[in-house]
2 protein chains.
Amino acid sequence: MKNKEKRIFLDYAAITPVDLRVAKEMTKIQKDFWANPSSLHTEGERAKNMLEEARIRIARILHCKSSEVFFTASGTESLNIAILGVVKSQGQPFGTGAVQGLPLAFVSQRSSLKDFAPKGGPLIPHIIVSTIEHSAVLEPIKYLLKEGKAEVSFIAPNEKGIINPDSIKKEIKENTVLIAIQHANNEIGTIQPIQKIAGVIREYKQKNPRVALGQNYPYFLVDACQSVCYEDVSIEKLGADLLVLDGIKIYGPRGVGILVVKRVINIVPVMFGGGQEGGLRSGTENVIGAVGFAKALELARRGGEKESKRLTKLRDYAIKKILKEIPNTSLNGGLENRLPNNINICFQSIQGESLVRKEGLDSEFLVIKLDTLGFAVSAASACHSLSLENGSYVIEAIENARSTSSKSSKCSSSSLRITLGRNTKKSDLDSLISTLKKIVK
Amino acid sequence: MKNKEKRIFLDYAAITPVDLRVAKEMTKIQKDFWANPSSLHTEGERAKNMLEEARIRIARILHCKSSEVFFTASGTESLNIAILGVVKSQGQPFGTGAVQGLPLAFVSQRSSLKDFAPKGGPLIPHIIVSTIEHSAVLEPIKYLLKEGKAEVSFIAPNEKGIINPDSIKKEIKENTVLIAIQHANNEIGTIQPIQKIAGVIREYKQKNPRVALGQNYPYFLVDACQSVCYEDVSIEKLGADLLVLDGIKIYGPRGVGILVVKRVINIVPVMFGGGQEGGLRSGTENVIGAVGFAKALELARRGGEKESKRLTKLRDYAIKKILKEIPNTSLNGGLENRLPNNINICFQSIQGESLVRKEGLDSEFLVIKLDTLGFAVSAASACHSLSLENGSYVIEAIENARSTSSKSSKCSSSSLRITLGRNTKKSDLDSLISTLKKIVK
């Protein structure tokens, strides 16, 4: 390992450091508000108030009710609760869900989805999801599919990595309960037309009698973990019914995520216990983490616009330079509708000495080579770093959308994800590019 | 609220403050080891090493393999994974579980439990559990029961709050997959004969052919959240197959729990995603929290014996004084086999002015009255504070074990839990007792 001071971190999509202002606020809370928010005494009440204040701070930014904000331990947990909790709620009386502080025993008068089950067949909830979602979305859905608990329509992106709202429109049917589309992709940074998709869903609902019965399926789940630092992710703006954010992606606390669940959603918990978070997510509340999350979200949104502009410039500068100066490179995903901090380059025909050991492993060798030279970048998402044999399924999906002639390009295992962050300077990118040129030459 | 400096906190069973040494170690880690442990680069590798070091530190104390330690977000989550994950693994090929870093796709040669299903009937896993477990144990089990996914034998304690190993022995049968008994009760502090229960289970296994087929059911799940500060909770010592601890009960980090899963256990995940923690618990690992947990556990065990002695003296002093000086009081749970920090007193016939508004609400009024006078104590567990209408189910269970003549005592809604901790001094207890005398007189 080189001199630590000289290392350049360009993997902010994997994780962000904890902002010092967030850390400071958490340390302060830790001293005075460490009690259990469920306790009846003053210490408990003060902790509870602090927790609820954090919830209000978050709701203010997301334009939702504070009672619609649920704290979890991660984006992964939030996504699992959203997906498994909505599907599991099927076949149970409407309103047995735990949102809004309703006790689990609460049963509303509203009918359940089975009133709409196709005649003669058993009820199986239907999910629509893009093929390029994060594994925390795809894996719980694959689990439901495997178990026969859901049927699933997988929607492929176009070659620029964008999901067409019309392709979702075509798939919505009577038993569709959930549509899960990420706001921005974690690998190639493409920003999906969330508002248009919300419009398609709204239109379907307006024409569908389920609305009249208080069953406003399908629900729209938006994973906004990657976009929140750069885009307005308010519930209102996006038109989402369920929204997921993660502290580690916003320079915030580890082990804290949120799930926003709109008031009208029918959802049941995945895990059970003391009934905290309105029964949807049991376990003693992490007050310190919740406050840290609120602070991080405030900082991210407050500085978001300015930082977006700064990073967009840096991103475009670097992309242009790489494509121009390094032969046989191409950009994965379109340049339009792309996160300001995301660069994902396909190095298709690298012929460097140790780099073509075996077809499809180039990404990994590039990451490791750059690492030894002082740069932290990644091949695909961090979650798949350790199982990259198959390459990136996200890049494979956009390659499949291309004309057959170029299908042999194999970018899925020859690409680098370079993601910028608050500490990234132009000189860092210059340094990376000149190093890349030497490796690739 | 009184002057903040003068308040006395005696509710350490609900939560403990973060030890300054733990906070310091976490702050240190936060600065240098904030990367994603799944990343391939040096930053990721360093975070991964730090995480694995924390796992090793914990394993050393619990006398298990580090690969048997899984990080979660809470005791509640750990207990849910243990219970739902073991039951859900039934009917799936043995070894589809995710422990030991095995990929989820791994399928061993070993047969599944259905080979032992009673002829003619469908396979339903059987669980044995005490009636005085924490809600994070009882609620997932009740869920399985309600869904028809498990049958359950509930074991009542004797009047001293102790579970008789023989009563468990009687209930073990062919399809028993899980036996869940807490090490120490969170309300009345009674310590269960875990080793004897482990012996009963071991004996059953030795006589049962399932062992020969590599199916070592039933598994023994021990919730040691409350006991770990005062008792040796090593896997070896207790004879547990699954063990649960929580950071908030050991002066440690919020949002961090662990689940120890012995190597031979068949278990599947409850939530899905990037496949972290050997696939058993997806979601980016909380390195800072893991290190804080390891530090807190080390401190708790290192100082455990001395602190146990100190608190036992204080506890016995206070119990004796209360029972002697306050009329109509009794101790809930026996004095033997009791946590050093737990005092749980029944105030059976309080006649104070505002205290007998309604039968069964005395506990709550006492807690609130004491709170206004500067003391933080609790009625039952914090998790049930906000739904105390029905009183404590733990105290109700030990009352039911008494002779019928005293059944009318209603201690379940007339008791106080007073739990001591590292900052508790004798003068705090003297002060509490003299205040109690004034209230009760």
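Under an unreviewed UniProt entry, chain A has the name Cysteine desulfurase NifS. The UniProt entry for chain A carries the following comment under Cofactor (unreviewed entry): "pyridoxal 5'-phosphate".

A. Summary view of the interface of chain A and chain B. Counting residues at the interface gives 60 residues for chain A, matched by 60 residues for chain B. Surface buried jointly by chain A and chain B totals about 5400 Å² across both partners, of which 63% is contributed by carbon and sulfur atoms. Considering only the surface of chain A that becomes buried against chain B, Trp-34, Leu-40 and Phe-272 of chain A emerge as the three largest contributors, covering 14% of it. Arg-7 of chain B is the partner of Glu-43 of chain A in a salt bridge, and the nearest nitrogen-oxygen pair spans 2.6 Å. Our count for the chain A to chain B interface comes out at 18 residue pairs in polar contact (both at pLDDT 80 or more). Within the residue set of the side of chain A that touches chain B, elements represented by two or more residues are α1 (20–32), α2 (42–62), α3 (75–88), α4 (135–146) and α10 (362–372) of chain A. For the side of chain A that touches chain B, the residue count by class is 26 nonpolar, 20 polar and 14 charged.

B. Layout of the domain arrangement of chain A. Residues and elements named next belong to chain A. Partitioning chain A into structural domains gives domain 1 (8–15 + 304–440) and domain 2 (20–98 + 116–299). With 34 residues of domain 1 at the interface, the matching set in domain 2 holds 31 residues. Both sides together, the interface formed by domain 1 and domain 2 hides about 2600 Å², and carbon and sulfur atoms give 56% of it. Our count for the contact surface shared by domain 1 and domain 2 stands at 16 residue pairs in polar contact (both at pLDDT 80 or more). Those elements that place two or more of their residues in the side of domain 1 that touches domain 2 are α9 (304–325), β10 (342–347) and α11 (393–400). Considering every element that reaches the side of domain 1 that touches domain 2, the biggest residue donor is α11, with 5 residues. Looking at the side of domain 1 that touches domain 2 residue by residue, the class counts come to 16 nonpolar, 13 polar and 5 charged.

C. Here's a closer look at the sheet that holds strand β9 (residues 329–331) of chain A. All names here are of chain A. Spatial ordering of the open sheet is given by β9-β10-β12, a layout of 3 strands whose pairing is antiparallel. Where the open sheet ends on each side, the last strands, each with one partner, are β9 and β12 (415–419). Looking at each pair of strands side by side, their axes are set apart by 25° on average, direction ignored. Looking at chain direction, β10 and β12 are connected through 5 bridges and run antiparallel. When the sheet's bridge partners are listed, Asn-344 is paired in β12 with Arg-417.

D. Region of the structure containing the nonpolar core. Leu-62 of chain A together with Leu-62 of chain B are the most contacted members of the largest nonpolar core, which has 186 residues in total. Beyond its immediate chain neighbours, meaning those up to four positions away, Leu-62 of chain B contacts Val-233, Ser-234, Ile-235, Glu-236, Leu-243, Leu-245, Ile-258, Val-260 and Leu-297 of chain B. Membership of the second largest hydrophobic core comes to 70 residues, among which are Leu-144 and Ile-265 of chain A together with Leu-84 and Val-129 of chain B.

E. Quick peek at the sheet that holds strand β4 (residues 151–155) of chain A. Residue and element names in this part refer to chain A. Across the sheet, 7 strands lie side by side as β2-β8-β7-β6-β5-β3-β4; this open sheet has mixed pairing. Edge positions in the sheet fall to β2 (69–72) and β4, since each of these pairs with one other strand and no more. Adjacent strand axes in the sheet meet at a mean angle of 20°, parallel and antiparallel pairs treated alike. In terms of strand pairing, strand β7 (residues 242–246) meets strand β8 (residues 257–261) through 5 bridges, oriented antiparallel. Counted as the bridge partner of Asp-246 is Gly-257 from β8. On top of the sheet, α2 reaches β2, β7 and β8; it is set at about 120° to β2, its chief contact. Along the sheet, α3 contacts β2, β3 (126–130), β5 (176–180), β6 (219–223), β7 and β8; its crossing angle with β7, the most-contacted strand, is approximately 160°.

Calculation notes
Along each chain, the written sequence defines residue order, and numbers are assigned to residues from 1. Here chains are named by letter from A upward and ligands by number from 1 upward, in the order in which they appear as written. Note on the predicted model: pLDDT of at least 70 is required for a residue's local features to be given, and 80 or more for side-chain atom pairs to be given and counted; whole-chain, interface and lining totals, by contrast, use all residues. For the side-chain quantities, the full set of heavy atoms in the structure was used; hydrogens and water were omitted. UniProt positions are given in the numbering used here, feature names are shortened, and annotations may be inferred rather than shown by experiment. Should any heavy atoms of two residues lie within 4.5 Å, those residues are counted as being in contact. Once two parts are put together, the accessible area they lose, assessed with a 1.4 Å probe and summed over both, is termed the buried area. Any Lys or Arg side-chain nitrogen found within 4 Å of a carboxyl oxygen on Asp or Glu counts as a salt bridge. Here a polar contact is recorded for every N or O atom pair within 3.5 Å, except that within protein the pair must consist of a potential hydrogen donor and a potential acceptor, and residues adjacent in sequence are included only if both atoms are side-chain atoms. Each helix corresponds to a stretch of at least 4 residues labelled H or I by DSSP, and each strand to a stretch of at least 2 residues labelled E; elements are numbered beginning at the N terminus. Throughout, the ten residues Ala, Val, Leu, Ile, Met, Phe, Trp, Tyr, Cys and Pro are labelled nonpolar, Asp, Glu, Lys and Arg are labelled charged, and all others, Gly among them, are labelled polar. Boundaries between domains were set according to an automatic or database domain assignment. Strand pairing is assigned whenever DSSP detects at least two bridges linking the two strands. To get an axis, fit a line to the C-alpha atoms, keeping to the stretch in contact for a helix; angles then go from 0 to 180 degrees between the N-to-C directions. Buried Ala, Val, Leu, Ile, Met, Phe, Trp, Tyr and Cys residues form a nonpolar core when they are joined through side-chain atoms within 4.5 Å. Accessibility here uses a 1.4 Å probe with only protein chains present; expressed as a share of the type maximum, an area under 20% marks a residue as buried, one over 50% as exposed, and anything in between as partly exposed.

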